[in-house]
Amino acid sequence: MQALIAQVQGMTVLAVAIIVGLGAIGTALGFAILGGKFLEASARQPELMPQLQTKLFVIAGLLDAISMIGVGVALLFTFNNPFLNAVKAAAVAVAQ
């Protein structure tokens, strides 16, 4: 039983690392593309820069929110692992 619990904890650590890592990479790529497109659009039409900048910050906030949701899910898995709770509940049911 201890081996199964250790395996679930190990896989959870890997899942958390993948969630946070891919969230960070995705956010970095998103910001890079967003900034590049903003600079291109500002260079083509400088008179639209204030409107474009407003839209840039709105989209940047939404882009950053996606990675924060991933961090929240990763923290849930780290500190209140539903998979580990299910394994422990199954172990208690088998023991009875």
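Every chain begins its residue count from 1, and numbering advances along the sequence as written. Local features are withheld for residues below a pLDDT of 70 in this predicted model, meaning they are given only at 70 or higher, and side-chain atom pairs are given and counted only at 80 or more; totals for whole chains, interfaces and linings count all residues. Calculated side-chain values reflect all of the structure's heavy atoms, with hydrogen atoms and water omitted.

1. Considerations on the overall build of the protein chain
Next up, step 1: Along the protein chain, the regular secondary structure elements total 3 helices and 0 strands.
Next up, step 2: Ordered by position in the sequence, the α and β elements of the protein chain form the string α-α-α.
Next up, step 3: In terms of C-alpha radius of gyration, the protein chain reaches 21 Å, well past the compact-globule figure of 12 Å for 96 residues.
Next up, step 4: Principal-axis analysis of the C-alpha atoms gives the protein chain an extent of 75 × 15 × 15 Å. What counts as a helix is a DSSP run of H or I of at least four residues, what counts as a strand is a run of E of at least two, and both are numbered from the N terminus. As defined in this context, the radius of gyration uses C-alpha atoms, and a globule is described by 2.2 Å times the residue total to the power 0.38.

2. Details of the environment of asparagine 80
Next up, step 1: With respect to the helices and strands, the residue asparagine 80 is situated in the loop between helix H2 (49–79) and helix H3 (82–95).
Next up, step 2: Along the sequence, asparagine 80 and alanine 24 sit 56 residues apart, while their C-alpha atoms lie 22 Å from each other.
Next up, step 3: Only heavy atoms matter for contacts: two residues are in contact if any of them lie within 4.5 Å across the pair. Once you skip the residues sitting within four places of it in the chain, asparagine 80 turns out to touch Leu75 and Asn85.
Next up, step 4: Polar contacts, as counted here, are pairs of nitrogen or oxygen atoms within 3.5 Å of one another; within protein the pair requires one atom able to donate a hydrogen and one able to accept it, and residues that are adjacent in sequence qualify only if both atoms are side-chain atoms. Side chain to side chain, asparagine 80 and asparagine 85 meet in a polar contact 3.3 Å long.

3. Quick notes on H2
Each α-helix winds once per 3.6 residues, and so residues spaced three or four apart point in a common direction.
Next up, step 1: An expected span of 1.5 Å times one less than the residue number is assigned to each helix. Its 31 residues place the ends of H2 44 Å apart at the C-alpha level, agreeing with the 45 Å of an ideal helix rising 1.5 Å per residue.
Next up, step 2: Along H2, the residues that are buried comprise Leu56, Ala60, Leu63, Ser67, Gly70, Ala74 and Phe77.
Next up, step 3: Where H2 is buried, its residues contact helix H1 (2–44) and H3. Exposure classes here rest on a 1.4 Å probe applied to the protein chains alone. A residue is buried below 20% of its type maximum, exposed above 50%, and partly exposed in between.

4. Notes on the packing of H1 against H3
Next up, step 1: Axis definition: a line fit to C-alpha positions, over the contact stretch in the case of helices; interaxial angles, taken between N-to-C directions, run 0 to 180 degrees. Running from amino to carboxyl end, H1 crosses H3 at an angle of 170°, the nearest separation of the two axes being 9 Å. Our classification of the angle between H1 and H3 gives roughly antiparallel. Contact with H1, carried on its side by Leu4, Ile5, Val8 and Gln9, involves Phe83, Leu84, Val87 and Lys88 of H3 and no other residues of that element.
Next up, step 2: Think of it as three bins: nonpolar holds Ala, Val, Leu, Ile, Met, Phe, Trp, Tyr, Cys and Pro, charged holds Asp, Glu, Lys and Arg, and polar takes everything else, Gly as well. Classifying every residue of the contact of H1 with H3 gives 6 nonpolar, 1 polar and 1 charged. Angle categories are assigned with fixed cut-offs, so that under 35 degrees is roughly parallel, over 145 is roughly antiparallel, 65 to 115 is roughly perpendicular, and the rest are oblique.

5. What to know about the UniProt feature "domain: V-ATPase proteolipid subunit C-like" (unreviewed entry) in the protein chain
Next up, step 1: Per the UniProt entry, the sites bearing "domain: V-ATPase proteolipid subunit C-like" (unreviewed entry) are residues 14–77 in this numbering.
Next up, step 2: Secondary structure content for residues 14–77 is 94% helix and 0% strand, while the C-alpha to C-alpha distance between its ends is 11 Å. UniProt positions are given in the numbering used here, feature names are shortened, and annotations may be inferred rather than shown by experiment.

6. Observations concerning the side chain of serine 42
Next up, step 1: Along the chain, the position of serine 42 falls in helix H1.
Next up, step 2: Take serine 42: its relative accessible area is 8%, and that puts it in the buried class.
Next up, step 3: Not counting residues within four places of it along the chain, the set of residues in contact with serine 42 comprises Met49 and Leu52.

7. Topic: the packing of aromatic side chains
Given two aromatic rings, one states the distance between the centres and the angle between the planes to describe the pair.
Next up, step 1: Note on ring pairs: Phe, Tyr and Trp rings are taken, using the six-membered ring of Trp, and paired if centres are within 6.5 Å. Classes follow the plane angle, with under 30 degrees stacked, over 60 edge-to-face and the rest tilted. Within the structure shown, the criterion is met by 1 aromatic pair.
Next up, step 2: Ring centres of phenylalanine 77 and phenylalanine 83 lie 5.5 Å apart, and the angle between their planes is 45°; on these two criteria the pair is classed as tilted.
Next up, step 3: With relative accessibility at 17%, the residue phenylalanine 77 sits in the buried group.

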